[in-house]
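These are the residues of each chain, in order.
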Amino acid sequence: GGVPVIYERGTDMAGKLLVSLILAAILISILNRARTMRSPVSFDYFSQMGRAKFTLVDPVAGSGKGVRFSDVAGLYEAKQEVMEFVDYLKRPEFYRNLGAKVPRGALLLGPPGCGKTLLAKAVATESNVPFLSMNGSEFIEMIGGLGAARVRDLFKEGRKRSPCIIYIDEIDAIGRKRSVGGQFDGGSGEGEQTLNQLLVEMDGMASKEGVIMLASTNRADVLDKALLRPGRFDRHILIDLPTLEERKQIFETHLKGITLEHEPTKYSHRMAYLTPGFSGADIANVCNEAALHAARSKQLKVTGADLEYAVERVVGGTEKRSHAMSPAEKRVVAYHESGHAIVGWMLPTTDALLKVTIVPRTNMALGFAQYTPKDQKLFTKEEIFEKMCMALGGRVAESLTFNKITTGAQNDLQKVSQMAYAMVRQYGMSDVTGLLSFEDNKSGLRPYSKKLTALFDDEVRRVVAKAYQQTEKVIQENKDKLELLAETLLKKETLNYPEVEALIGPPPHGKKNLIDSADYEASVHAAANDSPPPAETPPPPPA
């Protein structure tokens, strides 16, 4: 008989099932994890980058505390124009019944520090409508197309909250003139794409009413013409340097928060005269410097002397008494500054002297003579000529006293050259060159011939030589006064108006206005502006 062979197959079904389940669980876990994990640069990331990063001032949700129109000193005309926008948003039916359409936008122009952004903050608080604010530099980044996406998103958010105000600070960052010709590079292309999107959103096929645009810049000359036209920015509101009355109000506003010896009104009138050509930001800096100076001196209250020191510091820099100056140098500087003072004292139309000092300043000046320029817009030929004489007073005094000249008059000679070229080339005040006016072109391209250029140069040299002769004559006639003033200055280091008057007598052409002010150099650049200043009454001299 055969041997029976039996095949037995071991079937461990439970073990196989367990392994299969474990593998399936691992696979599902991996798939789930892959689904929940985001790649570093996902589509959601890009959509977030395209969102406009605006600041929302919402009168409903927010507390509404902030700057109000009453906190903005001065700026009467600008406030009036901006208030019309606010009034329209508060009662649009009144304007619609008259058939009036609200301006689409307003552009705030003017020099830095004059209150453009402050006025926008006041609009945000007073308007009682949502106020969306962005900086011009926040639109464009490294990735192309983001600027236009952010502009679209900003206006989309604005329309959701209509009526509302959109404000772009420093709009020149995205509103520059588009390039002409075939030149194209990534940077300018991105900027132009952003600008084009802004133009379309402000006044394009799909734009709607209810969104008012405010923007500010101190570079209106670089903005694109399409941006400035009516329908986009209908109103151009100029916020210029404050006038005398506005400076007085700004001082009173800033001095409210300072512990003063007397009421702010006691100082504001005098300080307004001290600071022609100062912006609101400069005035805020003066008030802060006065408080810091009082704290340094361990005083309990801020006095008028602290405020006057602060103006002097802003104009001339801080005193640097530790600066080593040899006795010979000190003597030269004393005669140089006394030369400026004597010429200014003796000529009829020059500014009144406030202070002359030979204490070195941190702005590299070894001394300076401070004068009282008025808020003057128009200058006669004689006034500019006498300003030139006053600027040359230092060089002439050095030459006549020591029979040698130094490098100390470099800044004075620059100013004399500027004034002489302005007289001849811009203001038509020369009989030789006639009634011609050409702007000072820094690019080097001249719209006139080489022959006329040579004529201008010859005439400028003649005018400066004439001013030098006149200055020489004034100082030679008053040599004794120059020596007395310089020697006293060497002993005391600083002399003010009453001390100078006690030394050399009153000015021969009648008493000049004893009103303190910033350095006379500011008035050199203000010649021949549009309109004469309003009549101003000088304050009484201090007791």
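Please read these numbers as outputs of a predicted model, since none were measured by experiment.

Honestly, the UniProt feature "transmembrane region" (unreviewed entry) in the protein in this entry has me stumped. Any pointers?
When the UniProt feature table is mapped onto this chain numbering, "transmembrane region" (unreviewed entry) sits at residues 13-31. This span, residues 13-31, is 100% helix and 0% strand, and a straight line between its end C-alpha atoms measures 27 Å.

Help me understand unusual backbone geometry in this model?
The general pattern is negative phi for most residues beyond glycine and trans for most peptide bonds. Non-glycine residue lysine 298 carries a positive phi angle of around 60°. Here the phi dihedral of asparagine 403 falls at roughly 60°; this positive angle occurs in a residue that is not glycine. One can find asparagine 403 in the loop between helix 14 (381-402) and helix 15 (410-426). Asparagine 403 sits in the exposed class, given a relative accessible area of 72%.

Which parts of the structure should I look at to understand the nonpolar core?
Within soluble globular proteins, side chains that are nonpolar generally end up buried alongside one another. Val343 and Met388 are the most contacted members of the largest nonpolar core, which totals 44 residues. Mapped by element, the contributors of at least two residues to this core are helix 13 (327-346), helix 14, helix 15, helix 16 (450-477), helix 17 (479-492) and helix 18 (497-504). Here the element with the most residues in this core is helix 14; it accounts for nine residues. Apart from residues lying up to four places away in sequence, methionine 388 is in contact with Val416, Met419, Ala420, Met423, Val463, Val464 and Ala467. Within the second largest apolar cluster, 27 residues are counted, among which are Phe69, Leu75, Ala120 and Leu214.

Would you explain the side chain of arginine 395 in this entry?
Summarising the element assignment, arginine 395 is placed in helix 14. No salt bridge is formed by the buried arginine 395. Its closest oppositely charged neighbour is glutamate 398, at 4.8 Å. A polar contact is formed between the side chain of arginine 395 and the backbone oxygen of threonine 406, at a distance of 3.2 Å. Contacts of arginine 395, omitting those with residues within four sequence positions, involve His336, Ile405, Thr406, Ala409, Leu413 and Tyr468.

Explain helix 10 (residues 264-274) here, please?
Each turn of an α-helix holds 3.6 residues, which means side chains three or four residues apart point in the same direction. Burial analysis of helix 10 places eight of its eleven residues in the buried class, which makes it a mostly covered element. Every buried residue of helix 10 is accounted for by Pro264, Tyr267, Ser268, Arg270, Met271, Ala272, Tyr273 and Leu274.

What's the story with the confidence of the model for the protein in this structure? I'm lost.
Reading fine detail from the predicted coordinates is not recommended where pLDDT is low. Per-chain confidence: the protein averages 78 in pLDDT, with 78% of residues scoring 70 or above. Element-level mean pLDDT values for the protein span from 42 in helix 19 (residues 521-524) up to 93 in helix 16. Predicted confidence for residues 182-186 stays below pLDDT 50, and this span has one contact to residues more than four positions away or in other chains. Confidence drops under a pLDDT of 50 for residues 514-543, and excluding neighbours within four residues, the segment shows 74 contacts in the predicted structure.

Even after reading the chapter, I still don't get helix 14, so can you show me in this structure?
With 22 residues, helix 14 extends 32 Å from end C-alpha to end C-alpha; this agrees with the ideal 32 Å at 1.5 Å per step. Approximately 40° is the largest bend angle found in helix 14, and it occurs at glycine 393. Summarising burial for helix 14: 16 of the 22 residues are buried, a large majority.

Even after reading the chapter, I still don't get the packing of helix 13 against helix 14, so can you show me in this structure?
Helix packing for two helices is described by the angle between their axes and how far apart those axes are. Contact geometry for helix 13 and helix 14: axes closest at 7 Å, N-to-C directions at 135°. By the angle between their axes, helix 13 is oblique relative to helix 14. Helix 14 is crossed by helix 13, and the crossing has right-handed handedness. In this structure, helix 13 contributes Arg331, Val332, Tyr335, His336, Gly339, His340, Val343 and Gly344 to the contact, and helix 14 contributes Cys389, Met390, Ala391, Gly393, Gly394, Arg395, Ala397, Glu398, Thr401 and Phe402. Partitioning the contact of helix 13 with helix 14 into residue classes produces eight nonpolar, seven polar and three charged.

Looking at this structure, I do not really get the pairing of strand 3 (residues 131-135). What am I missing?
It is a general feature of regular strands that their side chains alternate between the two faces of the sheet. Within strand 3, four of the five residues are buried, leaving the element largely enclosed by the surrounding structure. Bridge count between strand 3 and strand 4 (residues 164-169): five bridges; the pairing is parallel. When the sheet's bridge partners are listed, asparagine 135 is paired in strand 4 with aspartate 169.

Reading the values: the criteria
- Residues numbered from 1 in each chain as written.
- Predicted model: local features only at pLDDT ≥ 70, side-chain atom pairs only at ≥ 80, totals over all residues.
- Heavy atoms only, no water.
- UniProt positions renumbered as here; feature names shortened; annotations may be inferred.
- Helix = DSSP H or I, 4+ residues; strand = E, 2+ residues; numbered from the N terminus.
- Buried < 20%, exposed > 50% of the residue type's maximum accessible area, 1.4 Å probe, protein only.
- Core = buried A, V, L, I, M, F, W, Y, C linked by side-chain atoms within 4.5 Å.
- Contact = heavy atoms within 4.5 Å.
- Lys, Arg positive; Asp, Glu negative; His and termini not counted.
- Salt bridge = Lys/Arg side-chain N within 4 Å of Asp/Glu carboxyl O.
- Polar contact = N/O pair within 3.5 Å; in protein donor to acceptor, adjacent residues only side chain to side chain.
- pLDDT = per-residue confidence, 0-100.
- Expected span 1.5 Å × (residues − 1).
- Bend = angle between axes of the 7 residues up to and from the residue.
- Axes fitted to C-alpha atoms, helices over the stretch in contact; angles between N-to-C directions.
- Parallel < 35°, antiparallel > 145°, perpendicular 65-115°, else oblique.
- Left-handed = near helix turned anticlockwise from the far one by under 90°.
- Nonpolar A, V, L, I, M, F, W, Y, C, P; charged D, E, K, R; others polar.
- Pairing = 2+ DSSP bridges.

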